[in-house]
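Chain by chain, the residues run as shown.
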Amino acid sequence: MTVLMFLTEAQSTLSGFFSEFGYLAPFTILLLCGFGLPIPEEVTMLGSGFLLYQERVEAVPIIAVCFVATLMGDSIPYFLGRKFGRKALRVRSVRRALNPARIRAMERRFKKGGLKTVFACRFIPGLRLPAWFTAGTLGMPYGRFLAMDGLGALIMTPFFVLLGRASGEKIAELEASVENLTQILGFLVVSIAAVVAIHFLVTRWVPGSSRSSQGGPAAACENPPGAPPTAPGGPTEPRPKGPPQSDPPDSEFDDGDRP
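Quick notes on the rules
- Residues numbered from 1 in each chain as written.
- Predicted model: local features only at pLDDT ≥ 70, side-chain atom pairs only at ≥ 80, totals over all residues.
- Heavy atoms only, no water.
- Patch = residues over 30% accessible without salt bridge, like charges linked within 9 Å, V, L, I, M, F, W, Y side chains within 5 Å.
- Areas by Shrake-Rupley, 256 points an atom, 1.4 Å probe, with all protein chains shown as cover.
- Salt bridge = Lys/Arg side-chain N within 4 Å of Asp/Glu carboxyl O.
- Lys, Arg positive; Asp, Glu negative; His and termini not counted.
- Charge placed at Lys NZ, Arg CZ, Asp CG, Glu CD.
- Helix = DSSP H or I, 4+ residues; strand = E, 2+ residues; numbered from the N terminus.
- Core = buried A, V, L, I, M, F, W, Y, C linked by side-chain atoms within 4.5 Å.
- Buried < 20%, exposed > 50% of the residue type's maximum accessible area, 1.4 Å probe, protein only.
- Contact = heavy atoms within 4.5 Å.
- 1 Å grid on protein atoms, 1.4 Å probe; cavity = no way out; pocket = protein on both sides within 12 Å on 5 of 7 lines; lining within 4 Å.
- Points joined across faces, edges and corners; volume = space filled by probe spheres on them.
- Nonpolar A, V, L, I, M, F, W, Y, C, P; charged D, E, K, R; others polar.
- Axes fitted to C-alpha atoms, helices over the stretch in contact; angles between N-to-C directions.
- Parallel < 35°, antiparallel > 145°, perpendicular 65-115°, else oblique.
- Left-handed = near helix turned anticlockwise from the far one by under 90°.

1. A look at a positive patch on the surface
On the surface, a cluster of positive charge is contributed by Arg-104, Arg-108, Arg-109, Lys-111 and Lys-112. Mapped onto the elements, Arg-109 comes out in helix α6 (residues 100-113).

2. Here's the deal with a nonpolar patch on the surface
Together, Phe-123, Ile-124, Leu-151 and Ile-155 make up an exposed nonpolar region whose accessible area comes to about 320 Å². When you line up the elements, Leu-151 lands in helix α9 (residues 142-205).

3. Comments concerning the nonpolar core
The biggest cluster of nonpolar side chains holds 13 residues, and the ones touching the most others in it are Met-45, Val-57, Ile-62, Phe-160 and Val-161. Going through the elements one at a time, α3 (41-53), α4 (59-84) and α9 are the ones with two or more residues in this core. When near neighbours in sequence (up to four residues on either side) are disregarded, Phe-160 contacts Glu-42, Met-45 and Leu-46. Judged by nonpolar contacts, the second largest core, of 12 residues, contains Val-118, Trp-132, Phe-145 and Met-148.

4. Describing the layout of surface pockets
In this model, the largest pocket occupies a volume close to 380 Å³. Lining the largest pocket are 21 residues, and of these Cys-33, Leu-37, Gly-126, Arg-128 and Leu-129 lie nearest its centre. Within the residue set of the lining of the largest pocket, elements represented by two or more residues are α2 (24-33), α4 and α8 (128-137). When the residues that make up the lining of the largest pocket are grouped by side-chain class, the tally is 12 nonpolar, five polar and four charged.

5. Structural notes on the packing of α6 against α8
Where α6 meets α8, the closest approach of the two axes is 9 Å, and the angle between their N-to-C directions is 65°. Viewed along their axes, α6 and α8 adopt a mutual orientation that is roughly perpendicular. Crossing of α6 against α8: the hand is right-handed. Contact residues: α6 offers Arg-102, Ile-103, Met-106, Glu-107 and Phe-110, while α8 offers Pro-130, Ala-131, Phe-133, Thr-134 and Ala-135.

6. A short note on the side chain of Glu-41
Among the secondary structure elements, Glu-41 is positioned in helix α3. Classification of Glu-41 by relative accessible area gives buried; the value is 6%. Apart from the residues within four sequence positions on either side, Glu-41 is in contact with Leu-30, Cys-33, Thr-70, Asp-74, Arg-122, Arg-128 and Met-156.

Written as structure tokens, this is what we have:
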């Protein structure tokens, strides 16, 4: 779900730039991230991969552009810290992008991890800018900084670009599945409606098909007008007229035994 949200944001951001500037669009956005542009680098890389799926860019050039722009953008806060140190935090705009409390926490991280901190922060959004600035203020050699940052970017950049392309393919498959499902449901609705309409017409207009005409003329003659209703078990035989007959004598008595 997070990938789809990234793709949506990246696509809306990059579509207009690519139509006008081509490969310069992701390059510019990733470079501006070094100035504190509040767009995660993953968004731009995923969006570039989505545009790669759309065949608007080529794989190797777009990966190279994103890689170079990422390293150039990371170098901006590094040289800012290397040149001015913590004095740069006196500028309001710099202080907004680089929280002094976070810088102090990052200095403790660098004392414990050293170069490993640069590599680790490459994969953690929100820590990159203060990490690169701190690396400059602590006087880390640029070659070492660039090597560790480049190693992380070498893993991260092709991964997210190719992930964006793969996500675009999955989105297309999902859209096709939804379209097919919509067609199937539409066919079922139309079929059910046709069956109901035909049943209604047959019941309404064809003689002898309604419930009131079931059984034919014989059913109408079973109870003629004025006749008593027929019992559920069928017609009963009429009782014989005359005095009621007595029960026959029991077999154990004969006429000679009677008084």
